[in-house]
Amino acid sequence: MSEQAAEDLERARILGETAQIPWQELQRWFASGTAIFVSSSLDLIETAYQLSLDNTGELRDWMASGRVDRVSDAQAREWLAADTIVWAVVVKPWILVQPVEPGIKH
C-alpha cells in the first residue's frame, strides 16, 4: 500500500468515528480537561489526523492562532446554555469538538 493510500485510509477511519452529539453529553471530558476546541476554519478530520500523527509544528501553529485549544469555561457555559450540537471525534486521550454551524453539511 502506498503512503498516500495509507494516509487516506486513516483519514477515512477518523471520519467514520465522528459523530454529532449534544455538548451537554461531553461534560465529563470537559471536566477532565480533555475536550479540545477546533475552529470552524479548520477541517475536523484533518486536525484529528494531524493530532494522531503528533504533528507538533502544525498543532503549535493552530494553537498559537487560537484555532485549536482546550475548550474554555466560557465556551462550555455558552454551548451548554445554547444546547449546542458539536461534531466530535476521539484521538486518545483527547476528544476534539467543533460546533455544528447551521446550514453547513459535513
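Along each chain, residues carry numbers from 1 onward, in the same order as the chain's sequence is written. At least 70 in pLDDT is required for a residue's local features to be given in this predicted model, at least 80 for side-chain atom pairs to be given and counted, and no such filter applies to totals for whole chains, interfaces and linings, which use all residues. Here the side-chain values reflect all heavy atoms present in the structure, with hydrogen atoms and water set aside.

(A) Summary view of the overall build of the protein. Within the protein one finds five helices and five strands. For the radius of gyration, the atoms used are the C-alpha atoms, and the globule rule reads 2.2 Å times the number of residues raised to 0.38. Against the compact-globule benchmark of 13 Å for 106 residues, the protein has a radius of gyration of 14 Å, which places it among compact chains. Projecting the C-alpha coordinates of the protein onto the three principal axes gives extents of approximately 45 × 30 × 25 Å. Across the 106 residues in the protein, those meeting the buried criterion constitute 36%. Note on definitions: a residue-residue contact is assigned when non-hydrogen atoms from the two residues lie within 4.5 Å. For the protein, the proportion of contacts with a sequence separation of at least 24, taken over those separated by at least 6, is 74%. Using the Shrake-Rupley algorithm and a 1.4 Å probe, accessible areas are obtained, with residue cover drawn only from the displayed protein chains. Accessible surface for the protein amounts to roughly 6500 Å². Of this, 54% is attributable to carbon and sulfur atoms. Taking the average location of the 9 positive side-chain charges in the protein and that of its 16 negative ones, the two points are 4 Å from each other. A run of H or I in DSSP becomes a helix once it reaches four residues, and a run of E becomes a strand once it reaches two; helices and strands are each numbered from the N terminus. Accessibility here uses a 1.4 Å probe with only protein chains present; expressed as a share of the type maximum, an area under 20% marks a residue as buried, one over 50% as exposed, and anything in between as partly exposed. A positive count includes Lys and Arg, and a negative count includes Asp and Glu. His and the chain ends are not counted in either. Note on charges: their place is set at NZ of Lys, CZ of Arg, CG of Asp or CD of Glu.

(B) Structural detail: the pairing of strand 4 (residues 85–91). Within strand 4, five of the seven residues are buried, which leaves it mostly tucked inside the rest of the structure. Here, any two strands with at least 2 DSSP bridges between them count as paired. Pairing of strand 1 (residues 19–22) with strand 4, which is carried by four bridges, proceeds in the antiparallel orientation. Bridging across to strand 4, Pro22 finds its partner in Ile85. Here strand 4 pairs with strand 5 (residues 94–99) via six bridges, running antiparallel. Opposite Val89, over in strand 5, you have Leu96 as the bridge partner. With antiparallel pairing between neighbouring strands as the criterion, strand 4 and strand 5 make up a hairpin whose turn holds two residues.

(C) Fine view of the sheet that holds strand 4. Taken in spatial order, the five strands of this open sheet run 1-4-5-2-3, and their pairing is mixed. The open sheet terminates on both sides in strands that have one partner only, identified here as strand 1 and strand 3 (68–70). Here the average twist between neighbouring strands, direction ignored, is 40°. Interaxial angle, 0 to 180 degrees, is taken between N-to-C directions of lines fitted to C-alpha atoms, where a helix line uses only the stretch in contact.

(D) Representation of the packing of helix 1 (residues 3–16) against helix 3 (residues 44–52) in the model. As a packed pair, helix 1 and helix 3 sit with axes 9 Å apart at the nearest point and diverge in direction by 115°. In this structure, the crossing between helix 1 and helix 3 has a hand that is right-handed. Of the residues in helix 3, those touching helix 1 at Glu7, Glu10, Arg11, Ile14 and Leu15 are Ile45, Glu46, Ala48, Tyr49, Gln50 and Ser52. Residue polarity follows a fixed list, in which Ala, Val, Leu, Ile, Met, Phe, Trp, Tyr, Cys and Pro are nonpolar, Asp, Glu, Lys and Arg are charged, and the others, Gly among them, are polar. In the contact of helix 1 with helix 3, the residues fall into five nonpolar, two polar and four charged. By definition, any crossing whose near helix is turned counterclockwise from its far helix by less than a right angle is left-handed, and any crossing with a clockwise turn is right-handed.

The values reported here are purely geometric and, on their own, carry no functional implication.
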